[in-house]
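# Reading the structure
Each chain, letter by letter, is given below.
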Amino acid sequence: MESTRSTLSTTDSDSDSDKERIRELVALTQEAQIDPDVLPGLHTSNLVLINLAGRRLFDRETFASAMAEALSSPLKDVRTELEVNDIRFATPDVALVSLTKTVHDERSETAGSTELPLAGVMTYVMVRQGDHWRIALAQTTPIQ
């Protein structure tokens with residue numbers, strides 16, 4: 001049986017409210033990018049994530065482990081900035097979010113850093129879980 005919410009059309013005010021909550025979630029992901037206790041929880045348990053280097057991760061626990069590993073390496077000095085370009089709703093409970101990612105690589109050359117693209121285009125597929133939006137898919141494509 002479908003939920004009542006998914007069978008109702010989304011009003012403009014609902015859409016605007018959801019867009020604002022999605023923008024807030026994006027801002028929170030940016031703030032939590034070095035916090036392995038917060039960032040994974042902003043994603044669904046069955047997350048699929050493809051990072052800027054093309055590494056694909058399946059599920060939130062794998063992401064949390066990879067994040068902890070990265071933060072104990074020189075990658076801890078790589079920060080990203082996200083700009084929301086567009087938000088569209090596939091259904092009232094599924095949003096497609098287009099972003100631009102800017103990379104700030106502050107690793108020292110002696111830390112064995114490899115050249116990363118300085119920008120990428122990113123897509124989030126977000127799903128509503130109860131009263132919250134969560135990221136189910138995060139895909140980043142480098143801009144050369």
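Above this text you will find the structure in question.
Because the structure is predicted, anything quoted here is derived from the model rather than measured.

The next subject is the sheet that holds strand β3 (residues 78–91). With respect to topology, six strands assemble into an open sheet ordered β2-β1-β6-β5-β4-β3, the strand pairing being mixed. Only two strands of the sheet have a single neighbouring strand rather than two, namely β2 (56–58) and β3. The average angle at which neighbouring strand axes cross in this sheet is 20°, direction not considered. Here strand β4 (residues 94–105) pairs with strand β5 (residues 119–129) via nine bridges, running antiparallel. Bridging from a neighbouring strand, Val94 pairs with Val127 of β5. In the packing of helix α3 (residues 60–71) onto the sheet, contacts are made with β1 (43–50) and β2, and the angle to β1 comes to roughly 60°.

Turning our attention to the pattern of salt bridges. Applying the stated criterion across every chain yields a total of four salt bridges. Notably, a salt bridge pairs Asp18 with Arg128, separated by 2.8 Å at the nearest N-O pair. Here the residue Asp18 occupies a position in helix α2 (residues 12–31), and Arg128 occupies one in strand β5, the gap between them amounting to 110 residues. The exposure classification of Asp18 matches that of Arg128, with both residues buried. Note that Asp93 is salt-bridged to Arg128, the shortest N-O span being 2.6 Å. Placement of the pair is Asp93 in the loop between β3 and β4 and Arg128 in strand β5, with a sequence separation of 35 residues. Neither residue differs from the other here; Asp93 and Arg128 are each classed as buried. One salt-bridge network, in which partners are shared between bridges, spans Asp18, Arg21, Asp93 and Arg128.

Conventions we followed
- Residues numbered from 1 in each chain as written.
- Predicted model: local features only at pLDDT ≥ 70, side-chain atom pairs only at ≥ 80, totals over all residues.
- Heavy atoms only, no water.
- Pairing = 2+ DSSP bridges.
- Helix = DSSP H or I, 4+ residues; strand = E, 2+ residues; numbered from the N terminus.
- Axes fitted to C-alpha atoms, helices over the stretch in contact; angles between N-to-C directions.
- Contact = heavy atoms within 4.5 Å.
- Salt bridge = Lys/Arg side-chain N within 4 Å of Asp/Glu carboxyl O.
- Buried < 20%, exposed > 50% of the residue type's maximum accessible area, 1.4 Å probe, protein only.

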